[in-house]
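# Descriptive structure summary
Residue-level listing of the chains:
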Amino acid sequence: MKRREFIAATAALLVSSRRLWAQGRRHRLGFLAVGDGGGRALNQAELALFDGLRNHGWIDGRNLIVDYRFSQPPDRLPVSISDLIALRPDVLVVAAPQAAEALKSATATIPIVFVAVADPVGLGLVQSLARPGGNITGLATYVPGSFVAKRIEILRELVPGASQIAILVNPGNPMHRLLLADEVPSTARNLGVALPIVQATTAEELDVAFASAAAQRADAIIVFGDTLTVVEAPRVVALAAKHHLPAIHFSRQFASDGLIVYGPDIADLFRRAASYVDKILKGAKPSDLPVEQPVKFDFVINMKTAKALGLSVPTLLLLRADEVIE
């Protein structure tokens, strides 16, 4: 065989091998998603993960098997994790800090990609952003130091003179506990604002939390991102309206009826998570894949909700928004 023919034949064999590898072998992905899965389709952010996987050539039912389990209610989480690990997936994808912590504790060998975990270093999930170590890596939602302050500044522009801004937290969320121990009190001191804490771990407790914020004469409320508030988004928005509380939310799913959304583009993070899955399925180790932070942020103002609350939105605030819903 001539040299040119040999090179051409070798190239054809490589292409053929890649196609067989990508199309013939079915890898298994375990996805521990937010919510309870009861009659609920995956949300737009979660669907972005599979859009990203398709862009990398991974198709559910063709060369990928996707097993879904859900993290809600909280007492279901251990069973969901056991189920996924028993299926022996090639990689696990998990959303939210509580579920990520539980999954990491359950396996030290199966590669894990987390999404929507605020501060993985602070939570002890990874050693550092640059060198995660262990079997876990992914995408953070938090840039330390200004998480609470930025939201207070936005609310104060919208509600001039606001001096008491409630914060809705889930005491079961480890990231919330970190913020309450450090950033929340330091921000309150630095900005000279009272930040009463209201808590909810269940849907029913959300009613009590909002009533408590209103009883404490809060001028507005910050709703920390959490699995509970994501699952109960319509209830959270309705309670803010009922108690006439201007609220700032974490993710875009609140934009259609909530007042303000300011936070990382969660769909973009899920889409980027697909590249981690792709690299791991092709042999990369999670410990060699640095944790990435958000590069896109959503800032949405809903004018319908503002008018219902009797608020006049400053022009400068509108100009900074990525989207204004009329």
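Analysis parameters
- Residues numbered from 1 in each chain as written.
- Predicted model: local features only at pLDDT ≥ 70, side-chain atom pairs only at ≥ 80, totals over all residues.
- Heavy atoms only, no water.
- Helix = DSSP H or I, 4+ residues; strand = E, 2+ residues; numbered from the N terminus.
- Buried < 20%, exposed > 50% of the residue type's maximum accessible area, 1.4 Å probe, protein only.
- Contact = heavy atoms within 4.5 Å.
- Areas by Shrake-Rupley, 256 points an atom, 1.4 Å probe, with all protein chains shown as cover.
- Phe/Tyr/Trp six-rings, centres within 6.5 Å; stacked < 30°, edge-to-face > 60°.
- Lys NZ or Arg CZ within 6 Å of the ring centre and 35° of its normal.
- Pairing = 2+ DSSP bridges.
- Axes fitted to C-alpha atoms, helices over the stretch in contact; angles between N-to-C directions.
- Parallel < 35°, antiparallel > 145°, perpendicular 65-115°, else oblique.
- Left-handed = near helix turned anticlockwise from the far one by under 90°.
- Salt bridge = Lys/Arg side-chain N within 4 Å of Asp/Glu carboxyl O.

### So, the overall build of the protein
- Helices and strands together make up the secondary structure of the protein, namely 13 helices and twelve strands.
- Projected onto its principal axes, the C-alpha coordinates of the protein cover approximately 85 × 40 × 40 Å.
- Burial statistics for the protein: of 326 residues in total, 50% are counted as buried.
- Restricting the contact set of the protein to residue pairs at least 6 apart, pairs at least 24 apart contribute 69%.
- As displayed, the protein offers around 15100 Å² of accessible surface, 54% of which is attributable to carbon and sulfur atoms.

### Side note on the packing of aromatic side chains
- Tallying each qualifying case throughout the model produces seven aromatic pairs.
- Centre to centre, the rings of F31 and F50 are 5.8 Å apart; their planes meet at 70 degrees, and the pair counts as edge-to-face. Of this pair, F31 sits in strand β1 (residues 27–33) while F50 sits in helix α2 (residues 44–55), placing them 19 residues apart in sequence.
- Residue classification places F31 among the buried positions, given a relative accessible area of 0%.
- Each ring, one from F31 and one from Y68, has its centre 6.2 Å from the other, and the planes form 65 degrees; the classification is edge-to-face. One end of the pair, F31, is in strand β1; the other, Y68, is in strand β2 (residues 64–70), with 37 residues separating them in the sequence.
- Relative accessible area serves as the criterion here: at 29%, Y68 is assigned to the partly exposed category.
- Through pairs of rings, three or more aromatic residues link up here, namely F31, F50 and Y68.
- The side chain of R151 reaches across the aromatic face of F147, ending 4.0 Å from its centre.

### Quick word on the sheet that holds strand β11 (residues 297–302)
- The sheet built from seven strands is open, its strands ordered β7-β6-β8-β9-β10-β11-β12 with mixed pairing. Of all the strands in the sheet, just β7 (197–199) and β12 (323–325) have a single pairing partner and so form its edges. Here the strands of the sheet are splayed against their neighbours by 20 degrees on average, with no regard to which way each runs.
- Bridge analysis of strand β8 (residues 220–223) against strand β9 (residues 247–249) gives two bridges, and the strand direction is parallel.

### So, the packing of helix α5 (residues 147–158) against helix α7 (residues 183–191)
- The geometry of α5 relative to α7 is characterised by a closest axis approach of 9 Å and an angle of 45 degrees between their N-to-C directions. Compared by their axis directions, α5 and α7 come out oblique. As for the relative orientation of α5 and α7, their crossing is right-handed in sense. Residues F147, V148, A149, I152 and R156 of α5 pack against E183, V184, T187 and L191 of α7.

### Thoughts on the sheet that holds strand β5 (residues 136–140)
- Strand order in the open sheet made by the five strands is β2-β1-β3-β4-β5, with parallel pairing throughout. For this open sheet the edge positions go to β2 and β5, each flanked by a neighbour on one side alone. Put simply, the sheet's adjacent strands are angled 20 degrees from each other on average, direction ignored.
- The pairing of β1 with strand β3 (residues 91–95) spans four bridges and is parallel. Residue L32 lies in a different strand from β3, and its bridge partner there is V94.

### Focus: the pattern of salt bridges
- Here the structure, examined in full by the defined rule, presents twelve salt bridges.
- For D83, the salt bridge identified is with R69, shortest N-O distance 3.5 Å. Of this pair, D83 sits in helix α3 (residues 77–86) while R69 is found in strand β2, placing the two residues 14 residues apart along the sequence.
- For R69, a relative accessible area of 25% translates into the label partly exposed.
- Across the salt bridge formed by D298 and R252, the nearest N and O atoms sit 3.2 Å from each other. With a gap of 46 residues between them, D298 in strand β11 and R252 in the loop between β9 and β10 (260–264) connect regions that are remote in the sequence.
- The class of D298 is buried, set by a relative accessible area of 6%.
- Salt bridges linked by common partners bring D268, R272, E292 and K296 together as one network.

### Regarding the environment of V300
- Position of V300 relative to the elements: it lies in strand β11.
- Ignoring sequence-local partners within four residues, the contact set of V300 consists of R252, A255, L259, I260, V261, E323 and I325.

### A closer look at the pairing of β11
- For β11, the buried fraction is high: five of the six residues fall into the buried class.
- For β11 and β12, the ladder comprises three bridges, and the chain directions are parallel. Each bridged residue has a counterpart across the sheet, and for N302 the counterpart in β12 is I325.

### Digging into unusual backbone geometry
- The backbone of A116 shows a phi angle near 60 degrees, a positive value even though the residue is not glycine.
- On the basis of relative accessible area, A116 is assigned to the partly exposed category, the value being 21%.
- Within the chain, H244 stands out as a residue other than glycine whose phi angle is a positive 55 degrees.
- Looking at the element boundaries, H244 is found in the loop between α10 (233–242) and β9.

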